[in-house]
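The primary structure of each chain is shown beneath.
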Amino acid sequence: MRFLLDTGQRDFADALRALLTAADTPAVVREWSRGERASGRALWGRLGDAGVFGLTVPEEYGGVGRRPVELAVAFVELGRYAVPGPLAETVAAAVLLDDGASLAKRFLPGIASGGTMATVAFEQHGYGLALDGDAADVRLAAAPEGMRLSSGAGAVRRSLDPARRLTPLVPVGELLGTEPPWAEARTWARLATAAQALGVGLALLDRTVAYVKQRTQFGVPVGSFQAVRHRLAHVKIALEFARPLVFGAAVTMTPPDVAAAKLSACAAAYAAARAALQLHGAIGYTAEYDLSLWVTKARALRGAWGTPEECRRVVLGRP
């Protein structure tokens, strides 16, 4: 099935692309990795102004309602530019806090505007680790009795992606609810991660194609070699197969469809990362080269919000 974006959705993607191009995201990512948050928070606010975080927030709380297709459009661009921060986690938090009453009124306007950064630690996800718990304004932690507003985060732990700063959350604090919609929040976060991975893969492919056109061996561009062309063609096909799965899942929003989309998109992004490393040669392995910002993210997203094995079990309907 072929999914085509309408004019408004394409304009939204173009606007985000222009915003992120002007933001010099590689510099933002490197600062975020060092724990310097000023540029990242400024970018987060601009994304809020553009409406990105309002796509899971009802209109009465400053959002535009739940729009999963537009969310997928936005997160493809966020992945394409390697935007740091608890992006999918903020999506999950918006779903968890949307009780249509006191919690929504208290938290959702800030999330929609980009003024509030949120993160989540699921008891059964990441063993209590949350992404960027040291930077988030709202930290939600699973507890035996429900969901608590965590009172603090522990020391930052290393991740495959230096910009993904993992912190343990203490499940001690205000009890926000006894039956939060964990499964629904996971599905939305998984969709956001799948779209983000698709964007990462597309960026890696674009950068690699541009590089093999410039790099020469035996007096000709590397990109003219048949083996290189075949390798990149396989990556292109994988990404093009993942794209309709991501947008199809955004239409249905069923857990098996979303899990299949994440499985496919993350596998395609990982294949793009491996091809990029091989075809860039030694420079691709250096942390100072911007390619590393996408390569490490592609690997880290494979396990975020569901490992490949977990996603396969969901697709097959197995516990």
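Below or above, wherever it landed, is the structure these notes cover. Everything quoted here is computed from the prediction, not taken from an experiment.

**A look at the packing of helix H7 (residues 182-214) against helix H9 (residues 255-280)**
(1) Moving on: Here H7 crosses H9 at 25 degrees, and the two axes come no closer than 8 Å. Between H7 and H9, the interaxial angle falls into the category roughly parallel. The two elements H7 and H9 cross, and the hand of that crossing is left-handed.
(2) Moving on: In terms of residue class, the contact of H7 with H9 is built from 18 nonpolar, five polar and three charged.

**Some points on helix H1 (residues 7-22)**
(1) Moving on: Here H1 is 16 residues long and its end C-alpha atoms lie 23 Å apart, about the 22 Å a rise of 1.5 Å per residue gives.
(2) Moving on: Within H1 the residues assigned to the buried category are Gln9, Phe12, Ala13, Leu16 and Leu20. Burial along H1 is one-sided: seen end-on, the buried residues are contained in an arc of 95 degrees. In H1, the exposed residues that point more than 90 degrees away from the buried face are Thr21 and Ala22.
(3) Moving on: Buried positions along H1 lie against helix H2 (25-33), helix H3 (38-49) and helix H4 (68-80).
(4) Moving on: By the N-cap criterion, in which a side-chain oxygen at the helix start approaches the backbone nitrogen of a residue two or three places on, H1 is capped by aspartate 6, the distance to glycine 8 being 3.1 Å.
(5) Moving on: Looking one or two places after H1, you find aspartate 24, whose phi comes out positive at around 55 degrees.

**What to know about the nonpolar core**
(1) Moving on: Counting 101 residues, the largest nonpolar core has Leu47, Leu97, Leu140 and Leu204 as the members making the most contacts within it.
(2) Moving on: When residues of this core are assigned to their parent elements, the largest contribution, 16 residues, is made by H7.
(3) Moving on: Ignoring sequence-local partners within four residues, the contact set of leucine 204 consists of Ala269, Ala272, Ala273, Ala276, Leu291, Trp294, Val295 and Ala298.

**What to know about unusual backbone geometry**
(1) Moving on: The residue aspartate 132 is not glycine, and still its phi comes out positive at about 55 degrees.
(2) Moving on: Positive phi outside glycine occurs at phenylalanine 218, with the angle close to 55 degrees.

So, how was this worked out
- Residues numbered from 1 in each chain as written.
- Predicted model: local features only at pLDDT ≥ 70, side-chain atom pairs only at ≥ 80, totals over all residues.
- Heavy atoms only, no water.
- Axes fitted to C-alpha atoms, helices over the stretch in contact; angles between N-to-C directions.
- Helix = DSSP H or I, 4+ residues; strand = E, 2+ residues; numbered from the N terminus.
- Parallel < 35°, antiparallel > 145°, perpendicular 65-115°, else oblique.
- Left-handed = near helix turned anticlockwise from the far one by under 90°.
- Nonpolar A, V, L, I, M, F, W, Y, C, P; charged D, E, K, R; others polar.
- Expected span 1.5 Å × (residues − 1).
- Buried < 20%, exposed > 50% of the residue type's maximum accessible area, 1.4 Å probe, protein only.
- Arc of directions from axis to C-beta.
- Contact = heavy atoms within 4.5 Å.
- Polar contact = N/O pair within 3.5 Å; in protein donor to acceptor, adjacent residues only side chain to side chain.
- Core = buried A, V, L, I, M, F, W, Y, C linked by side-chain atoms within 4.5 Å.

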